[in-house]
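Remarks on the overall topology
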Amino acid sequence: MSLSDEEIAGMSPAERRELIRRLLPESPLGPQRRMLQRLRKWRLLLLVLCVAVLVPWTVYLAVTLPSRYVARHWVATWVGFDILLMVMLTATAIAGWRRRQLVFPTAFASGVLLICDAWFDVMTSQPGNDLLQAVLSALLIELPLAIAFIAGPLRLMRIVATRHGLVEPGTRMWRVPIPLPELWSDRTVPKQ
């Protein structure tokens, strides 16, 4: 059986998604469904445990940390952080230039690092010109870049999912499924 270009063009988006799903090969190379489900369960459990432990830890720190503290290795901390940011930005640039999917996590991580950088710059600045410079830098440079580095790849991921028939156009990012039918109980694309 073959389909002409006209027949494919005449299909509804739902019919195209179903055709794409049916044409996906079974992947004997990847992990089996049972293993994927087990990994997902344990990773989710680990995340919930981390959040549960972080809540009392944060309260403890809020109550016990001194309001003033002189940090050791101040220069090494900031230079090391900036080197990490530079490595992530470079990896993002290379992945973007080469059009590789690695751009998704590296750009997201770069955005998060820029938010952290803005936060720590503002919070550790002395009142006056130092604080003003940190706030302006955060508002005019770091946060806009962070938004671009986080939102851009998320938008691109949604476009890829739409283009490959996983979701309807305009579907919100948090509704885009992982494109492994092995993860879905009935092997059909989850409903939006």
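Keep in mind that this is a model prediction, so the values were computed, not measured.

**Brief notes about the side chain of Glu142**
Locating Glu142 in the fold gives a position in helix H6 (residues 129–163). Comment: no salt bridge for buried Glu142; closest opposite-charge side chain is Arg155, at 20 Å. The contacts of Glu142, once residues within four sequence positions are left out, are Leu114, Asp117, Ala118, Asp121 and Ser137.

**Side note on the packing of helix H5 (residues 103–123) against H6**
Running from N to C, H5 and H6 point in directions that differ by 160 degrees, and their axes come no closer than 8 Å. The angle between the axes of H5 and H6 places the two elements in the roughly antiparallel class. In terms of crossing hand, the pair formed by H5 and H6 is left-handed. Of the residues in the contact of H5 with H6, the class split is 22 nonpolar, two polar and three charged.

**Section: helix H4 (residues 74–97)**
Across its 24 residues, H4 extends 34 Å between first and last C-alpha, which sits within 8% of the 34 Å expected from 1.5 Å per residue. Within the sequence span of H4, burial applies to Trp78, Phe81, Leu85, Met88, Thr92 and Ala95. Buried residues belonging to H4 abut H5 and H6. Residue Arg99 follows H4 closely and has a positive phi angle near 55 degrees.

**Examining the packing of aromatic side chains**
A complete count under the given rule lists three aromatic pairs for this structure. Between Trp78 and Phe81, the ring centres sit 6.2 Å apart and the planes meet at 75 degrees, which makes this aromatic pair edge-to-face. Of the two residues, Trp78 and Phe81 both sit in helix H4, three residues apart, roughly one turn of that helix. Assessed through its relative accessible area of 18%, Phe81 is described here as buried. What links up through ring pairs into an aromatic cluster is the set Trp74, Trp78 and Phe81.

**What to know about the nonpolar core**
The biggest cluster of nonpolar side chains holds six residues, and these are Phe81, Leu85, Met88, Leu113, Leu114 and Ala146. Only H4 and H5 provide two or more residues apiece to this core. If you tally residues by element for this core, the top one is H4, at three residues. Among all residues touching Phe81, those that are not within four sequence positions of it are Leu113, Cys116 and Asp117.

**What to know about H5**
The terminal C-alpha atoms of H5, which comprises 21 residues, lie 30 Å apart, in line with the 30 Å expected from a rise of 1.5 Å per residue. For H5, every residue scored as buried is listed here: Val103, Phe104, Thr106, Ala107, Ser110, Gly111, Leu113, Leu114, Asp117 and Ala118. Its buried side turned inward, H5 meets H4 and H6.

**Section: the packing of H4 against H5**
Between H4 and H5, the least distance of the axes is 8 Å, while the angle of their chain directions is 150 degrees. One way to sum up the angle between H4 and H5 is to call them roughly antiparallel. The interaxial crossing formed by H4 with H5 has left-handed handedness. Listed contacts from H5 to Trp78, Phe81, Asp82, Leu84, Leu85, Met88, Leu89, Ala91, Thr92, Ala95 and Gly96 of H4 are Val103, Thr106, Ala107, Ala109, Ser110, Leu113, Leu114, Cys116, Asp117, Phe120 and Asp121. Taken together, the residues of the contact of H4 with H5 sort by class into 15 nonpolar, four polar and three charged.

Thresholds, definitions, all that
- Residues numbered from 1 in each chain as written.
- Predicted model: local features only at pLDDT ≥ 70, side-chain atom pairs only at ≥ 80, totals over all residues.
- Heavy atoms only, no water.
- Helix = DSSP H or I, 4+ residues; strand = E, 2+ residues; numbered from the N terminus.
- Buried < 20%, exposed > 50% of the residue type's maximum accessible area, 1.4 Å probe, protein only.
- Lys, Arg positive; Asp, Glu negative; His and termini not counted.
- Salt bridge = Lys/Arg side-chain N within 4 Å of Asp/Glu carboxyl O.
- Contact = heavy atoms within 4.5 Å.
- Axes fitted to C-alpha atoms, helices over the stretch in contact; angles between N-to-C directions.
- Parallel < 35°, antiparallel > 145°, perpendicular 65-115°, else oblique.
- Left-handed = near helix turned anticlockwise from the far one by under 90°.
- Nonpolar A, V, L, I, M, F, W, Y, C, P; charged D, E, K, R; others polar.
- Expected span 1.5 Å × (residues − 1).
- Phe/Tyr/Trp six-rings, centres within 6.5 Å; stacked < 30°, edge-to-face > 60°.
- Core = buried A, V, L, I, M, F, W, Y, C linked by side-chain atoms within 4.5 Å.

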